[in-house]
Amino acid sequence: MAHSLDIDLLRSFAAVAETGALSRAAERVSRSQAALSMQMKRLEDLVAQPLLRRTGRGVSLTVQGERLLVHARRILSAHDDALAELSGRSLTGTLRIGCPDDYAQAFLPALLRGFAPRHPAAAIAVVCAATPRLEERWQRGGLDLALVSVARSAEGEILRHEDLVWVAPRGAPAAWPDPLPLALGDPDTLDHRAARAALDKAGRPYRIAYASGSLSGLLAVTRSEQAVAVLTRAAVPPDLRILTRSSGLPALPRIGLTIRMDGAHATPLTRAFAAHVRSVLPAL
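Reading the values: the criteria
Residues numbered from 1 in each chain as written. Predicted model: local features only at pLDDT ≥ 70, side-chain atom pairs only at ≥ 80, totals over all residues. Heavy atoms only, no water. Helix = DSSP H or I, 4+ residues; strand = E, 2+ residues; numbered from the N terminus. Buried < 20%, exposed > 50% of the residue type's maximum accessible area, 1.4 Å probe, protein only. Contact = heavy atoms within 4.5 Å. Core = buried A, V, L, I, M, F, W, Y, C linked by side-chain atoms within 4.5 Å. Salt bridge = Lys/Arg side-chain N within 4 Å of Asp/Glu carboxyl O. UniProt positions renumbered as here; feature names shortened; annotations may be inferred. Pairing = 2+ DSSP bridges. Phe/Tyr/Trp six-rings, centres within 6.5 Å; stacked < 30°, edge-to-face > 60°. pLDDT = per-residue confidence, 0-100. Axes fitted to C-alpha atoms, helices over the stretch in contact; angles between N-to-C directions. Parallel < 35°, antiparallel > 145°, perpendicular 65-115°, else oblique. Left-handed = near helix turned anticlockwise from the far one by under 90°. Nonpolar A, V, L, I, M, F, W, Y, C, P; charged D, E, K, R; others polar.

Caption draft 1: Region of the structure containing the environment of Ile-242. Checked against the element boundaries, Ile-242 lands in strand S10 (residues 240-242). Its relative accessible area of 28% is what places Ile-242 among the partly exposed residues. Here the alpha-carbon distance between Ile-242 and Ile-255, two residues 13 residues apart in the chain, equals 17 Å. Not counting residues within four places of it along the chain, the set of residues in contact with Ile-242 comprises Val-165, Trp-166, Arg-233 and Val-236.

Caption draft 2: Quick peek at the nonpolar core. The biggest cluster of nonpolar side chains holds 42 residues, and the ones touching the most others in it are Leu-145, Leu-147, Trp-166, Leu-180, Ile-259 and Val-277. Beyond its immediate stretch of four places on either side in the chain, Trp-166 contacts Leu-182, Ala-195, Leu-199, Val-228, Ala-229, Val-230, Arg-241, Ile-242, Leu-243, Leu-249, Pro-250 and Leu-252. Met-40, Leu-51, Leu-52 and Ala-72 belong to the second-largest nonpolar core, a separate cluster that totals 23 residues.

Caption draft 3: Spatial organisation of the pattern of salt bridges. In this structure the tally under the stated criterion is 13 salt bridges. One connected set of salt bridges, linked through shared partners, spans Arg-133, Glu-136, Asp-186 and Asp-188.

Caption draft 4: Here's a closer look at the UniProt feature "domain: HTH lysR-type" (unreviewed entry) in the chain. Feature annotation in UniProt places "domain: HTH lysR-type" (unreviewed entry) on residues 5-62, given in this structure's numbering. The span residues 5-62 shows a helical share of 60% and a strand share of 14%, and its end C-alpha atoms are spaced 18 Å apart.

Caption draft 5: Layout of unusual backbone geometry. Cis geometry is found at the peptide bond from Asp-178 to Pro-179, where omega equals -5 degrees. As for its position among the elements, Pro-179 is in the loop between strand S6 (160-169) and strand S7 (180-184). For Ala-48, which is not a glycine, the phi torsion comes out positive at approximately 55 degrees. Tracing the chain through its elements places Ala-48 in the loop between helix H3 (33-47) and strand S1 (52-55). Under the relative-accessibility criterion, Ala-48 is labelled exposed at 62%.

Caption draft 6: A look at the environment of Phe-273. Turning to its location among the elements, Phe-273 is positioned in helix H10 (residues 268-280). Every residue in contact with Phe-273, bar those within four places of it in the chain, is listed here: Leu-95, Ile-97, Leu-112, Phe-115 and Leu-145.

Caption draft 7: View of the pairing of strand S11 (residues 254-261). Along S11, 6 of the 8 residues are buried, which leaves the element largely enclosed by surrounding structure. Two strands pair when backbone bridges link them, and strand S5 (residues 145-151) and S11 are joined in this way by 7 bridges, in the antiparallel orientation. Looking at the pairing, Ala-151 lines up with Ile-255 of S11. Judged from the 4 bridges that link them, S6 and S11 form a sheet pairing that is antiparallel. Each bridged residue has a counterpart across the sheet, and for Glu-162 the counterpart in S11 is Ile-255.

Caption draft 8: A look at the packing of aromatic side chains. Enumeration according to the criterion identifies 2 aromatic pairs in this entry. Ring centres 5.8 Å apart and planes at 25 degrees place the aromatic pair Tyr-103 and Phe-107 in the stacked group. Summarising the burial analysis for this pair, Tyr-103 and Phe-107 share the class buried. When the centroid spacing of 5.0 Å and the interplanar angle of 80 degrees are considered together, the rings of Phe-115 and Phe-273 count as edge-to-face. Linking Phe-115 in helix H6 (residues 108-115) with Phe-273 in helix H10, this pair joins segments that are 158 residues apart in sequence. The two residues Phe-115 and Phe-273 agree in class, both being buried.

Caption draft 9: Broad picture of the confidence of the model for the chain. Mean pLDDT over the chain works out to 88, with 96% of the residues at or above the 70 mark. The secondary-structure element of the chain with the lowest mean pLDDT is helix H4 (residues 63-86), recorded at 81, while helix H8 (residues 190-202) shows the highest, at 95.

Caption draft 10: Summary view of the packing of helix H1 (residues 7-19) against H3. Where H1 contacts H3, the axes come no closer than 10 Å and their chain directions differ by 110 degrees. Taken together, the axes of H1 and H3 are roughly perpendicular relative to one another. Crossing hand, H1 versus H3: left-handed. Of the residues in H3, those touching H1 at Asp-8, Leu-9, Ser-12, Phe-13 and Val-16 are Leu-36, Gln-39, Met-40, Arg-42 and Leu-43. Tallied by class, residues from the contact of H1 with H3 come to 6 nonpolar, 2 polar and 2 charged.

Right, here's the structure in full:
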């Protein structure tokens, strides 16, 4: 007997994977927790694989669950796009997106190119700021969705990991003087804190030559050869170079990229863009 993957099962499974808790996922898909648990059991029986692992803090995905999630997001995205196009129900409204400057430069063009043409009646407003400022604005209800940086060890959904790297002009000297001049983001950002923690641990003297939430400002100072900056690897422009361990600078950590969205009150437009991001961003 042939089997097929039911759209409702996949949508519920994606909600469980993204929230990490059956209770929150049940609210998102408007089902009781008992009904959602039965759906997950049906899905596991259908694929003949364990998909979820119960933990003290909620649920996490097994290896098989991670594999299914990749396919589920693609299937759901294609299903929703086809339904909207064939029914003539292109999504409308205004979508307020928050995105840090470096991610806006590295990922946002591709994300919008893949989404905006399918929903031409939608208006998209983009706010670029450091993650702490976006978090504050999202908490106040000023954003529908925000792409933000989190520590690699953070709980919850991580869509993509990025390396933090030391950056300098291509023509700058290999060795920098002490104290090392730094161009960093706002003091409460991950790049700022990670750079100082790594240098403190290594015992390397440094001074903050420039600190700002503006990526263009950080790049200007770096290009002037006045300071070393810290960026995500994907955001390093071609005229700057990544400093390797041979430069004498300590290793920096990886960070995660995740979505902030109120799943219980999100509009169809917000949900559609979130699904698009989850489907496309990991592969960019």
